[in-house]
Amino acid sequence: MKRILITIAIGVAAMSLCACVGGKKAEAADSKTPAEIMLARLQKLQQDSLTAFGHHDDTAYGRYWEYMPDSSDVKTVSGDYPAVMNWDLGWIETGADKQLDGVPFEFIKAEIVKQDARGGMNALSWHLRNPLTGGDSWDNANDSTLAVVMRDKAMTDTLRKWIGMTADFIGDLRDKDGKRIPVMWRPWHEHTGEWFWWGINHGSADDYKNLWKLTREVFDAKGIDNVVWVYSPDKSNVNSYEDYMDRYPGDNYVDVMGADVYYFDEPDADRIFADRIDKTLGAAVKAAKEHGKVAAFSETGFEGLPSSDWYMTRLMPVLNKYNVAFVTVWRNSNTKPNHWYTPYPGHPGVKDFKEFHDNGKTVFCKEMSEI
Ligand code: BMA
């Protein structure tokens, strides 16, 4: 009898222990922020040497169409949506209802919800206006915009307000159960180039780092917990690892080490591309390893895609050489001449792109939903 009682007592204790451990586990999973969940998916891609494919404005418009529900050149050509959809918040800071390329913010929100429901991921960039001149991101009428803005109280107040508008938009991204949807957020991109007002020769390294700090401060003050932060220097002026890290804001501000490197139609294009990739993407991969971050090929492409085999012969070797969690190509415009980056129906690169989709290295939306 005593033995039976002891056995029952041990059994009950074991059961309650299990429940307790299980409960804790469930609680731990629940207590993960949306950003942590997304980061874990990116880490998994990288661990498995897989690369998620991303496309800008994928379902908004394509080479020959615009705003046809659920249309996508990538899907029409490959059979699936991209794993990552990139969207741009440029002009949200003006209070406009459409962003700089005419995509309504409400449309972006709805598409982010759909892509999340499919099991895919979303990313956001921001081509905002120049707060000093009132011009666009590329307006360098005042060559020292970054320095002036970061050292002037009224200007940083404006910027704080603008950043707050992006934070509100992002914090508002919720799925049908009301849970926040994670996004990769890639502000102040290509800062090693000169073209944007936050670029390399428009202020000091500290000004640039302070810009990141200000951004993070605003997001944190609003309790935004659905952002994976992506740092993405351009190949310009990056000739070494030190150049890549020169304006790095610090490990507390960044989750993903990106690199923007396009392919251009120029003499010796392949060699030049390979060299830029080694310098910039090579640095991103090294930085990710050394700083415990995820590596990504945050932007690439060949404008107008005047090639029938670019994806398999130019991009794929890069993905095989450098293990990156995702690669994003830019938009297929139906209005800007020669401005598309993926094949579309009738393009000579359809077969190549299908191969790119079908092989074991790349991940599109369906496969992403299982990761
Ligand atoms: C650029 C071009 C522009 C566009 C901008 C923001 O690379 O595509 O036409 O306005 O990105 O999307």
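This one's a predicted model, so the numbers in the text were calculated from it and none came from an experiment.

Quick word on the confidence of the model for the chain
Residues with a pLDDT of 70 or more make up 92% of the chain, whose mean pLDDT is 93. Between residues 1–27, whose pLDDT stays under 50, and residues either more than four places distant or in other chains, the model counts 0 contacts.

Let's talk about the pairing of strand E10 (residues 297–300)
The sheet contact formed by E10 and strand E11 (residues 326–329) spans 2 bridges and is parallel. Counterpart to Phe297 in the pairing with E11 is Val327. The parallel pair E10 and E11, bridged by helix H10 (residues 310–321), forms a crossover whose chirality is right-handed.

Observations concerning the site of the ligand
Surveying the vicinity of the ligand reveals the residues His56, Leu100, Asp101, His127, Trp138, Trp330, Arg331, Lys336 and His339. Between an oxygen atom of the ligand and a side-chain N or O atom of Asp101, the distance comes to 2.6 Å. Contacts to the ligand include Trp330, whose side-chain N or O atom sits 3.0 Å from an oxygen atom. In the complex, the protein chains occlude 81% of the 310 Å² of accessible area that the ligand would expose alone.

Some details on the nonpolar core
One finds Leu159, Ile170, Trp188, Met257 and Phe297 to be the most contacted residues of the largest nonpolar core, which totals 86 residues. Counting residues per element, this core draws most heavily on helix H9 (residues 269–291), which supplies 9 residues.

A closer look at helix H11 (residues 350–358)
Inspection of H11 places Asp352, Phe353, Phe356 and His357 among the buried residues, and these make up the whole buried set. Viewed along the axis of H11, the buried residues span an arc of 140 degrees, placing them on a single side of the element. Where H11 is buried, its residues contact strand E1 (51–56), helix H3 (73–78), H10 and strand E12 (362–363).

Remarks on the pairing of E11
Burial of E11 is two-sided: the residues Phe326 and Thr328 facing one way and the residues Val327 and Val329 facing the other way are all buried. Across 4 bridges, the pairing between E1 and E11 is parallel. In the sheet register, Phe53 faces E11, and the bridge partner there is Val327.

Some words on the packing of H10 against H11
Running from amino to carboxyl end, H10 crosses H11 at an angle of 30 degrees, the nearest separation of the two axes being 8 Å. It follows that H10 is roughly parallel to H11 by the angle criterion. Along its contact with H10, which presents Trp310, Tyr311, Met312, Leu315, Met316 and Leu319, the element H11 presents Asp352, Phe353, Glu355 and Phe356. Of the residues that constitute the contact of H10 with H11, the class distribution is 8 nonpolar, no polar and 2 charged.

Notes on the pattern of salt bridges
The final tally for this structure, using the stated rule, is 24 salt bridges. Its salt-bridge partner being Asp246, residue Arg247 comes within 4.0 Å of it at the nearest N-O pair. Several salt bridges share partner residues, and in doing so they unite Asp70, Glu111, Lys114 and Arg118 into one network.

Observations concerning the environment of Asp278
Structurally, Asp278 is set in helix H9. On the basis of relative accessibility, which here comes to 35%, the residue Asp278 falls in the partly exposed class. The contacts of Asp278, once residues within four sequence positions are left out, are Ala283, Lys321 and Tyr322.

Definitions and limits used
- Every chain begins its residue count from 1, and numbering advances along the sequence as written.
- The predicted nature of this model means local features are confined to residues of pLDDT at least 70 and side-chain atom pairs, given and counted, to a pLDDT of 80 or more, with totals for whole chains, interfaces and linings taken over all residues.
- Where side-chain values are given, they derive from all heavy atoms of the structure, hydrogens and water being excluded.
- The predictor rates its confidence in each residue with pLDDT, a number between 0 and 100.
- Contacts are residue-level and defined by heavy atoms, with any inter-residue pair within 4.5 Å sufficient.
- If DSSP finds at least two bridges between two strands, the strands pair.
- To qualify as a helix, a DSSP run of H or I must reach at least 4 residues; to qualify as a strand, a run of E must reach at least 2; elements of each kind are numbered from the N terminus.
- With the strands pointing away from the viewer, any crossover whose connection runs clockwise from the first strand over the helix to the second is right-handed.
- Summary of the distance rule: residues count as near a molecule or strand when at least one heavy atom falls within 4 Å of that molecule or strand.
- Two N or O atoms form a polar contact when they lie within 3.5 Å of each other; inside protein one atom must be a possible hydrogen donor and the other a possible acceptor, and for residues adjacent in sequence the pair counts only when both atoms belong to side chains.
- Per-residue and other accessible areas follow the Shrake-Rupley method at a 1.4 Å probe size, with only the shown protein chains counted as cover for residues.
- The term nonpolar core refers to a set of buried residues drawn from Ala, Val, Leu, Ile, Met, Phe, Trp, Tyr and Cys, joined through side-chain atoms within 4.5 Å.
- Categorising residues by exposure relies on relative accessible area from a 1.4 Å probe, with only protein chains included: less than 20% of the type maximum marks a residue as buried, more than 50% marks it as exposed, and the intermediate range marks it as partly exposed.
- The arc in question is the one traced by the directions running from the helix axis out to the C-beta atoms.
- Helix axes use the C-alpha atoms of the stretch in contact, all axes being lines fitted to C-alpha atoms, and the angles between their N-to-C directions lie in the range 0 to 180 degrees.
- Roughly parallel refers to an angle under 35 degrees, roughly antiparallel to one over 145, roughly perpendicular to one between 65 and 115, and oblique to any angle outside these ranges.
- Under the convention adopted here, Pro, Cys and the residues Ala, Val, Leu, Ile, Met, Phe, Trp and Tyr are nonpolar, Asp, Glu, Lys and Arg are charged, and Gly plus all remaining residues are polar.
- A carboxyl oxygen of Asp or Glu within 4 Å of a side-chain nitrogen of Lys or Arg is what we treat as a salt bridge.

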